[in-house]
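The chain contents come next:
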Amino acid sequence: MRASTPAAVRTMRSQALALDAASASLGRLGVPQVLPALHAAGLSISRTVLGGSHSVAIYPPIDSLTPVDPTDVMDTICFGCDTSLYVHIPFCETRCTFCHYTVQHYPGKGSATALREREVVRYLNALERDLASWGGRLAQSNTALSSIYIGGGTPLLLGKEALRDLIRAIKNHYAILPDAEVCIEGSPLTITAADGDDKLRFLAEQGVTRLSFGVQSFDDTVLKYSARGYQRDIAIGAARIASEIFENWNIDLIQGLYKGSPTETWENLEVIADLRPAHLTWYHGRFADRPQGDWYRSTDRRDSFEDERSTLLGRMLIWQGLAALGYQQTDGNRFVRDTHYTDPFKGVRTSSSYDLLGVGVASYSHVGAGPSAHNHYGYVFRNDASIGGYADRVLAGDVPIASGRAIDDEELLAMSYATGLRSGRIEDVRLRALGARQSRLSEHYRALVGRLLDLGILEPYANDAGEEGLRLTDLGRLLEDETLALFFSPAVERALRGQPDAASSLVTISRAPGVSRLPTPGQERLRPGPTERPRADGESRGGAAEFAEHGVP
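Residues numbered from 1 in each chain as written. Predicted model: local features only at pLDDT ≥ 70, side-chain atom pairs only at ≥ 80, totals over all residues. Heavy atoms only, no water.

*Asks:* Please clarify how the pairing of strand S8 (residues 248–255) should be interpreted in this entry.
*Replies:* Here is the key point about a regular strand: its side chains alternate between the two faces of the sheet. Burial analysis of S8 places 8 of its 8 residues in the buried class, the great majority of the element. Of the two faces of S8, both are covered, the one formed by Asn 248, Asn 250, Asp 252 and Ile 254 as well as the one formed by Trp 249, Ile 251, Leu 253 and Gln 255. Where strand S7 (residues 210–216) and S8 come together, 6 bridges link them in parallel fashion. Considered in S8, the bridge of Phe 213 is made with Ile 251. As defined by bridge partners, S8 adjoins strand S9 (residues 279–284) across 6 bridges and the pair is classed as parallel. Considered in S9, the bridge of Ile 254 is made with Tyr 283. Taking the sense of rotation as the criterion, the β-α-β connection linking S8, helix H11 (residues 262–275) and S9 turns out right-handed. (Buried < 20%, exposed > 50% of the residue type's maximum accessible area, 1.4 Å probe, protein only. Helix = DSSP H or I, 4+ residues; strand = E, 2+ residues; numbered from the N terminus. Pairing = 2+ DSSP bridges. Right-handed = clockwise from strand over helix to strand, strands pointing away.)

Here it is as C-alpha cells:
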C-alpha cells in the first residue's frame with residue numbers, strides 16, 4: 001500500500017543548504033535575540049515532562065489528579081451518544097531508558113518466566129472483566145464507540161490468541177460505529193519478528209485500520225542508549241512491512257532523545273524521505289527520573305545534550321524538511337502525507353469536550369457530568385497506576401479508579417487556553433460569560449496573553465466565520481507545549497507542586513442524557529474519530545543497571 005511520490009516532491013536540499021534555510025527562518029522570528037525576553041517570561045525549551053507527559057496531552061494533566069472516591073465519579077459521570085475507547089497493554093520487550101509510562105518487561109510467550117506469564121494472564125483476565133463492566137454501563141446509555149485505540153506498552157507483543165480474545169471482548173461488549181477507526185501499537189521488534197507479518201495481517205482482517213509504532217531515531221547510538229533493543233535496519237524493515245499491510249500507519253520519532261543534534265535530525269529526515277509514512281509524530285525529548293533524565297541532569301553528560309538553540313534549529317529543520325517532502329503539519333508535533341491521514345483522535349485525547357474511556361492500568365478518562373451533577377461539568381479520572389493493584393481491584397469486583405479532578409469553571413477556563421490555543425481559541429459568548437464568573441483568573445490570563453502578544457508568541461486571528469480569537473504564531477509553535485503549560489490553573493499548579501487545593505466557588509452545570517458532550521466554550525466541533533493513544537504514564541522506574549543487558553552504560 002506504499003504510496004508513490006513524484007520525484008520533485010521527494011527532492012531534499014543538501015544538509016548545508018537546509019541548515020542555512022532553517023537558521024534564516026529562525027532569524028526572521030527573532031531567534032536567538034528574543035530568547036532572553038522569552039526566558040524572563042518563563043518560556044524556554046523544557047527537557048522535563050509537563051504535568052506527567054511529554055506534551056500537554058490532556059487537561060488537567062495527569063500528575064495534577066488527586067485521590068478520589070470511585071463511587072463519586074461513577075455517580076457523577078454520564079456518557080453521551082458516543083465515546084472513544086483506549087485499552088492499555090502494559091508489556092514491552094525492552095525497558096527504554098527514557099520511558100516513564102506504566103509498563104513491565106515481558107519478552108513474549110515462550111520466552112518469559114512462568115511467574116511473568118501468570119502475571120500477564122492475570123492482567124488480561126482483569127482487563128477483559130473491566131471491559132465487560134464498562135460495556136454494560138455504555139449499553140445502558142446507548143453509547144457507541146467512535147474510535148478504539150489499543151496502546152501501551154506494546155500490544156503487538158501479545159500472542160495471536162490473546163489479541164483475538166481482546167478484540168473479541170471489545171466487539172462483544174460494545175456497540176461500535178461503522179466508521180470507527182481502530183488503531184493498535186506495535187514496535188520494530190514485534191513487527192519484524194517471525195510471526196509479526198502474520199499478526200499484522202490477522203489484525204487487519206479483524207478490523208484494525210491503523211498501525212502506530214515508535215522508532216524514536218534511526219541513529220544506532222541513540223537507539224543503543226535508549227535501550228530499544230534493535231538497530232536502524234530493523235526499524236527500516238518494520239516500516240517497509242507496515243507499509244505493505246496498512247495504508248494508514250504512523251511512526252513516532254523523538255528529537256534530542258539522547259544528546260541530539262541538527263545533524264541527527266537531518267539524517268532522520270533522509271530516512272523519512274525514503275519510507276514516507278502516512279502519519280508522523282515527532283516529539284521533543286523530555287525526561288522524568290529514568291536513566292535518560294539522570295544522564296541529562298548529571299554534570300558529566302548534560303553539556304553533551306543539545307542546547308536550546310540547537311533544539312529550535314532542529315524543530316525548524318523538521319518543519320521545512322517535511323514540508324519539502326509534501327507533508328502537512330497539523331500541530332507542532334504531527335505531520336500527515338495527506339489530509340485524510342490526519343489523526344482525529346488527538347482532539348479526543350487532549351480535550352475534555354469529548355468523552356474518552358480508558359480501560360487498563362493507569363489509563364485516564366474524561367467524561368461529562370449527568371443531570372444530577374452539582375458544581376462541575378464532568379471528571380477527568382485515572383485508574384490505579386500499579387499493574388498488580390489494578391488487577392487486584394478489578395478481580396475483587398471493585399472499580400479501579402484511583403485519582404481524578406472535577407472540571408469546574410476554573411478548570412474549564414484554563415482548558416480553553418491550555419488546549420484551545422493549539423488550534424485557535426475563539427472568545428465567544430460562552431467564554432465571555434465564563435470569564436465574567438471567574439474574573440480574577442480571567443484577569444490573570446488577559447495579562448499573560450498581553451505579555452505573549454508582545455513577545456510574538458500569540459497573535460489575533462479570525463476564523464472562517466469571522467469570529468475573533470487568539471492562536472500561536474510560528475515562534476509560539478516552536479515552544480508550543482511550554483506555552484500551553486503557562487495556562488494551567490492555580491489549582492493544577494498547586495497540585496503539581498504537591499500543595500493542597502484551596503476551596504473554590506463552583507456553579508451547577510448539567511447536561512441532558514444523549515448529548516455527546518458539553519463542548520469546551522468557544523470550541524464547537526464535529527464528533528471526531530480516533531486514533532492517537534492517550535499514553536498511560538506511571539509505574540515502573542529503574543536505575544541504569546536495569547539496562548546492562550542491552551549494552552547501555
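*Asks:* Before we go on, may I ask you to explain the packing of aromatic side chains in this structure?
*Replies:* Geometry of an aromatic ring pair is reported as the spacing of the ring centres plus the angle between the planes. Counting across every chain of the model gives 18 aromatic pairs. Summarising the aromatic geometry, the rings of Phe 91 and Tyr 123 are spaced 5.6 Å apart at their centres and angled 90 degrees between planes, so their arrangement reads as edge-to-face. Taken as a pair, Phe 91 in strand S3 (residues 91–92) and Tyr 123 in helix H5 (residues 114–140) lie far apart in primary sequence, 32 residues in all. A relative accessible area of 1% means that Phe 91 is categorised as buried. Take Tyr 123: its relative accessible area is 1%, and that puts it in the buried class. Their ring planes at 80 degrees and their centres at 5.8 Å tell us that Tyr 258 and Trp 295 sit as a pair that is edge-to-face. (Phe/Tyr/Trp six-rings, centres within 6.5 Å; stacked < 30°, edge-to-face > 60°.)

*Asks:* Before we go on, may I ask you to explain the packing of helix H16 (residues 409–418) against helix H18 (residues 439–454) in this structure?
*Replies:* Helices that pack against each other are described as a pair by the angle of their axes relative to one another and the distance between those axes. Where H16 contacts H18, the two axes come as close as 11 Å, and the packing angle between them is 15 degrees. Taken together, the axes of H16 and H18 are roughly parallel relative to one another. Between H16 and H18 the crossing geometry is right-handed. Contacts from Glu 410, Leu 413, Ala 414 and Tyr 417 of H16 reach H18 at Leu 441, Ser 442, Tyr 445 and Val 449. (Axes fitted to C-alpha atoms, helices over the stretch in contact; angles between N-to-C directions. Parallel < 35°, antiparallel > 145°, perpendicular 65-115°, else oblique. Left-handed = near helix turned anticlockwise from the far one by under 90°. Contact = heavy atoms within 4.5 Å.)

*Asks:* Please clarify how the environment of Glu 411 should be interpreted in this entry.
*Replies:* Looking at the secondary structure, you find Glu 411 in helix H16. The exposure class of Glu 411 is buried, given its relative accessible area of 2%. Sequence separation of Glu 411 and Ala 491 is 80 residues, and the distance between their C-alpha atoms is 8.3 Å. Ignoring anything within four residues of it in the chain, the contact list for Glu 411 reads Tyr 59, Pro 60, Arg 405, Ala 406, Ser 489, Ala 491 and Val 492.

*Asks:* Is there a simple way to think about the environment of Glu 306 in this case?
*Replies:* Tracing the sequence through the fold places Glu 306 in the loop between helix H12 (291–297) and helix H13 (308–324). Once the C-alpha coordinates of Glu 306 and Ser 261 are considered, the two residues, 45 residues apart in sequence, prove to be 5.8 Å apart. When residues no more than four places from it in sequence are discounted, the contact partners of Glu 306 are Arg 47, Gln 255, Gly 256, Lys 259, Gly 260, Ser 261, Pro 262 and Thr 311. Of the polar contacts made by the side chain of Glu 306, one reaches the backbone nitrogen of Ser 261; its length is 3.4 Å. (Polar contact = N/O pair within 3.5 Å; in protein donor to acceptor, adjacent residues only side chain to side chain.)

*Asks:* I keep staring at unusual backbone geometry and nothing clicks. Help me out?
*Replies:* Residue Tyr 59 is joined to Pro 60 through a cis peptide bond whose omega torsion reads -5 degrees. Here Pro 60 shows up in the loop between helix H3 (35–40) and strand S1 (66–67). Here the residue pair Gly 152 and Gly 153 is connected by a cis peptide bond, since its omega of 25 degrees sits within 30 degrees of zero. Looking at the element boundaries, Gly 153 is found in the loop between strand S5 (144–152) and helix H6 (160–173). With a phi close to 75 degrees, Gln 216 is a non-glycine residue in the positive phi region. As for its position among the elements, Gln 216 is in strand S7. Backbone geometry places Ala 362, a non-glycine residue, at a positive phi of 65 degrees. Secondary-structure assignment places Ala 362 in the loop between strand S12 (356–359) and strand S13 (364–368).

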